[in-house]
Amino acid sequence: MSGSLTLAKRAAVAGRVVLAVGGGYGIAALATILLSLTLPLPRAEAVTAATLASFAVMVGVVVVAFAARSLGRAAAILGGLALALALALRLATGSFPFGFGS
């Protein structure tokens, strides 16, 4: 059975799926919040534009999750991106997103 996938390879793919779905949702949410607050448009238009952009962000996260050489590298990239978005949101609003921190 040289053509079958080993348990380790299956687990790596499952980990990437979980990372893509969970990380994609979180990063898309952070990007949507940040864009909604910083786009120089009326509020309704800024929220609509940010929500539309979030679909592209989600696709980008899925691509990164599966294009990285290892699961750890993908997690580090997406974690760094989430941290950067959270810090940018902190600078834009003066508080951390989702009630974290002071």
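Residues numbered from 1 in each chain as written. Predicted model: local features only at pLDDT ≥ 70, side-chain atom pairs only at ≥ 80, totals over all residues. Heavy atoms only, no water.

(A) Highlighting the overall build of the chain. Across its full length, the chain carries three helices and zero strands. Shown N-terminal to C-terminal, the secondary structure of the chain runs as helices and strands in the order α-α-α. The burial tally for the chain puts 24% of its 102 residues in the buried class. Expressed as a percentage of contacts within the chain between residues at least 6 apart in sequence, the contacts between residues at least 24 apart total 64%. As presented, the chain carries roughly 6600 Å² of accessible surface, and 73% of it is formed by carbon and sulfur atoms. (Helix = DSSP H or I, 4+ residues; strand = E, 2+ residues; numbered from the N terminus. Buried < 20%, exposed > 50% of the residue type's maximum accessible area, 1.4 Å probe, protein only. Contact = heavy atoms within 4.5 Å. Areas by Shrake-Rupley, 256 points an atom, 1.4 Å probe, with all protein chains shown as cover.)

(B) Broad picture of the side chain of R16. In this fold, R16 is placed in helix α1 (residues 7-38). This buried residue, R16, is left without a salt bridge; E45 holds the nearest opposite charge, at 38 Å. There is a polar contact of 3.0 Å between the side chain of R16 and the backbone oxygen of A68. In contact with R16, other than residues within four places in its own chain, are A65, F66, A68, R69, S70 and L71. (Lys, Arg positive; Asp, Glu negative; His and termini not counted. Salt bridge = Lys/Arg side-chain N within 4 Å of Asp/Glu carboxyl O. Polar contact = N/O pair within 3.5 Å; in protein donor to acceptor, adjacent residues only side chain to side chain.)

(C) Representation of helix α3 (residues 71-93) in the model. End to end, α3 covers 32 Å across 23 residues, agreeing with the expected 33 Å (1.5 Å per residue, within 8%). Looking at the packing, one finds that the buried side of α3 touches α1 and α2 (43-67). Positioned one or two residues after α3, G94 has a phi angle of 90°, which is positive. (Expected span 1.5 Å × (residues − 1).)

(D) Geometry of the nonpolar core. Ranked by size, the top nonpolar core spans 13 residues in total, and within it I27, L78 and L85 carry the most contacts. Looking at this core, the elements that each hand over two or more residues are α1, α2 and α3. Of all the elements, α1 adds the most residues to this core, at six residues. Excluding residues that lie within four positions of it along the chain, L78 makes contacts with L19, I27, V61, V64 and A65. (Core = buried A, V, L, I, M, F, W, Y, C linked by side-chain atoms within 4.5 Å.)

(E) Quick peek at the UniProt feature "transmembrane region" (unreviewed entry) in the chain. Residues annotated in UniProt with the feature "transmembrane region" (unreviewed entry) correspond here to residues 12-35, 47-67 and 74-92. Taken end to end, residues 47-67 has its terminal C-alpha atoms 30 Å apart, with 100% of it in helix and 0% in strand. Span residues 74-92 is 100% helix and 0% strand, its end C-alpha atoms 27 Å apart. (UniProt positions renumbered as here; feature names shortened; annotations may be inferred.)

(F) How the structure looks around the side chain of T32. Tracing the backbone through its elements, the reader meets T32 in helix α1. Judged by its relative accessible area of 17%, T32 is buried. Excluding its chain neighbours within four sequence positions, the residues that come into contact with T32 are A50, T51 and S54.

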